[in-house]
Amino acid sequence: MTHTPGNERAEQATRISATPWYRQLYVQVLVAIVIGIVLGWRWPDLATDMEPIGTTFITAMKMLIGPIVFLTIIGGIAGVADLKKVGRTGIKALTYFQVGTIVALLTGLVAINIFRLGDGVHADPSTLKTSGDASQYIETGEHQHWWEFLTNIVPDSFFGPFVEGNVLQVIFLAVVFGIAIKLVGKTGEPITAAVGRLTEVVFKVLSFIMKAAPLGAFGAMSYAIGKFGLSTLTSLGSLIVLFYVTSALFVVLVLGGLLALYVRLNIFQLFRYFKEEFWLILGTSTAEPALPGLMRKLHFMGAERSTVGLVVPTGYSFNLDGAAIYLSLATLYIAQATDTTLSLGQQLGLLAVMLLTSKGAAGVAGGGFIALTATLSTVGSVPAAGIMLIFGIDKFMSECRALVNFFGNAVATLVVAKWENGLDLERARAVLAGKAGDAPLTVEDTAENADKADAEAEHDQQPSAVRTPAGQTAEVAP
């Protein structure tokens, strides 16, 4: 029996859609989150002992982030016919990142200036004592300079960024090696082929680890609720609610509006398409485990591999919309709570500093607090010790930061791809509407299914060879 690409798509769609609901990864993660919340609420001592389960899963995912970023960027650059396109894509992406960060920072500033939740707290900075992780973050932030994110791009050694998990340095190495492989011509072709094969192996390892995602979400959520307690949510509940509402409005109105007006896609369909990644991020409080799935699904939608491979990893360091909203909102809240008066000019000055410091601690543990402290230390008018006012609720805000960062990078990639004429819009609409033949990719299926889609797409673009009556070979356009 002959299997055409269309038949294979239909068979695959039937196979995936026939999967029982209880075997869907996002359902398992959602159930694990609920169980973790109940455990943390009812048995907090036992729940805090679940921390190693969550941290081990996240550590296993971080282990693969560096190799995935390195290999996908090299493969994307080496596979582009014109290196000028790589540079053009990079410049457009960085331009979008800066504009997006400014809008996110302004969104946070406007929200906290309207509601002014810090007024009436009257906290005395001299009585705020720092301890534990907060003390370490403050110390690191006070020695963090706004220009360090530029100088720290260059690593001390080749393997150092992979060991330390410094994604920004991995991106630097990947871009340099990708360009070098492209410039050496035929000599680099075997390396390019090897990179492609190695990428398949790494994604297969990823699929193994992703099967443990429900356990990771359970451990992380159990620990968070058991350690900090649901009462923490009520102590500064108004600030948490303001952050969540502001972030939701930013995603729906700003990102959704841009996606609708420029790319002509629906943000709510995008939410549904990335539902597996949504629950994974919500459970683990970090967007890193969802990075591979984001890249594979965007490429499956019709975005060029080179654009996805360059924009997404770079965006994870430079395009942090959720962190930007949090940074501006938290800074002004601390100023209001400590009775520090800031004029409009001073607030705009803070925004300029935050535009740089928000990039300085990307991918670092406690990066939000390090960036916040670096901002306060640089300006000097708002006491850095004021971060203790919000340290207790940070864990419950990290999920929202990660989700906004994730969807911000999804939209950024689609915008840059459309800007570069590298987005198959018809396919993107079909995928988001669930009418593309293949079912929307799940996290654990991304490696296998996306590779099949890539192979079919490449096959469809190649001329077909047929035999003429005379026995000669002729090429027939698809």
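All of these numbers come straight from a predicted model, not from anything done at the bench.

Engineer: In this structure, what is going on with a nonpolar patch on the surface? I would like to understand it.
Structural biologist: Taken together, the side chains of Val 99, Val 103, Val 241, Val 245, Leu 249, Leu 253 and Val 254 present a nonpolar region at the surface, about 570 Å² in accessible area. Sorting the residues of the nonpolar patch by element identifies α5 (83-115) and α13 (237-263) as the ones contributing at least two each. Relative to the assigned elements, Val 103 resides in helix α5. The class of Val 103 is partly exposed, set by a relative accessible area of 31%.

Engineer: Looking at this structure, how should I read the environment of Leu 64?
Structural biologist: Along the chain, Leu 64 falls in helix α4 (residues 51-78). For the pair Leu 64 and Pro 292, spaced 228 residues apart in sequence, the C-alpha separation works out to 9.3 Å. For Leu 64, the residues in contact, after removing those within four places along its chain, are Val 202, Val 205, Leu 206 and Ile 209.

Engineer: What's the story with the packing of helix α15 (residues 275-284) against helix α21 (residues 394-419) in this structure? I'm lost.
Structural biologist: Contact geometry for α15 and α21: axes closest at 8 Å, N-to-C directions at 150 degrees. Taken together, the axes of α15 and α21 are roughly antiparallel relative to one another. α21 is crossed by α15, and the crossing has right-handed handedness. Between α15 and α21, the residues in contact are Glu 277, Phe 278, Ile 281 and Leu 282 and Glu 399, Ala 402, Leu 403, Phe 406 and Phe 407, respectively. For the contact of α15 with α21, a count of residues per class yields seven nonpolar, no polar and two charged.

Engineer: How should I be thinking about the pattern of salt bridges in this particular structure?
Structural biologist: Between side chains of opposite charge, a pair can form as their charged atoms come close. Summed over all chains, the structure comprises seven salt bridges. Here Arg 88 ties to Glu 420 by a salt bridge, and the two come within 2.9 Å at their closest N and O atoms. One end of the pair, Arg 88, is in helix α5; the other, Glu 420, is in the loop between α21 and α22 (425-432), and 332 residues separate them in sequence. Note on Glu 420: relative accessible area 7%, which makes it buried. Notably, a salt bridge pairs Lys 297 with Glu 277, separated by 3.2 Å at the nearest N-O pair.

Engineer: How should helix α9 (residues 167-183) be read in this particular structure?
Structural biologist: Each full turn of the α-helix corresponds to 3.6 residues, which orients residues three or four apart in the same direction. Taking 1.5 Å of rise per residue, 17 residues should cover 24 Å, and α9 covers 24 Å from first to last C-alpha, within 8% of that figure. Turning to α9, its buried residues number three or more, namely Val 167, Leu 168, Gln 169, Val 170, Ile 171, Leu 173, Ala 174, Gly 178 and Ile 181. Gly 185 sits one or two positions beyond α9 and adopts a positive phi of about 70 degrees.

Engineer: Would you explain helix α16 (residues 291-301) in this entry?
Structural biologist: Of all eleven residues that make up α16, eleven are buried, and the element is covered over most of its length. Along α16, the residues that are buried comprise Leu 291, Pro 292, Gly 293, Leu 294, Met 295, Arg 296, Lys 297, Leu 298, His 299, Phe 300 and Met 301. Gly 302 lies just past α16 and shows a positive phi near 120 degrees.

Engineer: Hey, could you run me through the packing of aromatic side chains in this one?
Structural biologist: To describe a pair of aromatic rings, one takes the distance between the centres and the angle between the planes. Tallying each qualifying case throughout the model produces 15 aromatic pairs. Taken together, the ring pairs connect Phe 268, Phe 271, Tyr 273, Phe 274, Phe 406 and Phe 407 into an aromatic cluster. Sitting above the plane of the Trp 41 ring, Arg 42 keeps its charged end 5.3 Å from the centroid. The ring of Tyr 262 is capped by Lys 418, whose NZ or CZ atom sits 4.7 Å from the centre of that ring.

Engineer: What exactly am I supposed to notice about the environment of Ala 217 here?
Structural biologist: With respect to the helices and strands, the residue Ala 217 is situated in helix α11 (residues 213-228). Note: C-alpha distance between Ala 217 and Ala 32 (185 residues apart in sequence) is 6.3 Å. Ignoring anything within four residues of it in the chain, the contact list for Ala 217 reads Val 29, Ile 33, Gly 283 and Thr 284.

Calculation rules
- In this convention, every chain numbers its residues from 1, walking through the sequence in written order.
- Only residues with pLDDT of 70 or above have their local features reported here, since the model is predicted, and side-chain atom pairs are shown and tallied only from 80 upward, although totals for entire chains, interfaces and linings are computed over all residues.
- Side-chain measures here rest on the full set of heavy atoms in the structure, leaving out hydrogens and waters.
- Residues form patches when they are more than 30% accessible in relative terms and have no salt bridge. Like charges link within 9 Å. Nonpolar side chains (Val, Leu, Ile, Met, Phe, Trp, Tyr) link within 5 Å.
- Where accessible areas are quoted, they stem from the Shrake-Rupley method and a 1.4 Å probe; at the residue level, only the protein chains shown are allowed to cover.
- Any Lys or Arg side-chain nitrogen found within 4 Å of a carboxyl oxygen on Asp or Glu counts as a salt bridge.
- Secondary structure elements are taken from DSSP: a helix is a run of H or I of four residues or more, a strand is a run of E of two residues or more, and numbering for both begins at the N terminus.
- Partly exposed describes any residue whose relative accessible area lies between the buried limit of under 20% and the exposed limit of over 50%, with all areas from a 1.4 Å probe on protein chains only and scaled to the type maximum.
- We call two residues in contact whenever any of their non-hydrogen atoms come within 4.5 Å of each other.
- Each axis is a line fitted through C-alpha atoms, and for a helix only the stretch in contact is used; angles between axes span 0 to 180 degrees, taken between their N-to-C directions.
- Any angle between 65 and 115 degrees counts as roughly perpendicular, while under 35 counts as roughly parallel, over 145 as roughly antiparallel, and the rest as oblique.
- Here a crossing is taken to be left-handed if its near helix is turned anticlockwise relative to the far helix by less than a right angle, and right-handed if that turn runs clockwise.
- The classification used treats Ala, Val, Leu, Ile, Met, Phe, Trp, Tyr, Cys and Pro as nonpolar, Asp, Glu, Lys and Arg as charged, and all other residues, Gly among them, as polar.
- Expected helix span is given by 1.5 Å per residue-to-residue step, counting one fewer step than there are residues.
- Aromatic pairs are defined between Phe, Tyr and Trp rings, using the six-membered ring for Trp, whenever the two ring centres lie within 6.5 Å; interplanar angles under 30 degrees are classed as stacked, those over 60 as edge-to-face, and all others as tilted.
- When the NZ atom of lysine or the CZ atom of arginine is within 6 Å of a ring's centre and also within 35 degrees of its normal, the charge is said to sit over that ring.

Coordinates in, geometry out; function isn't part of it.
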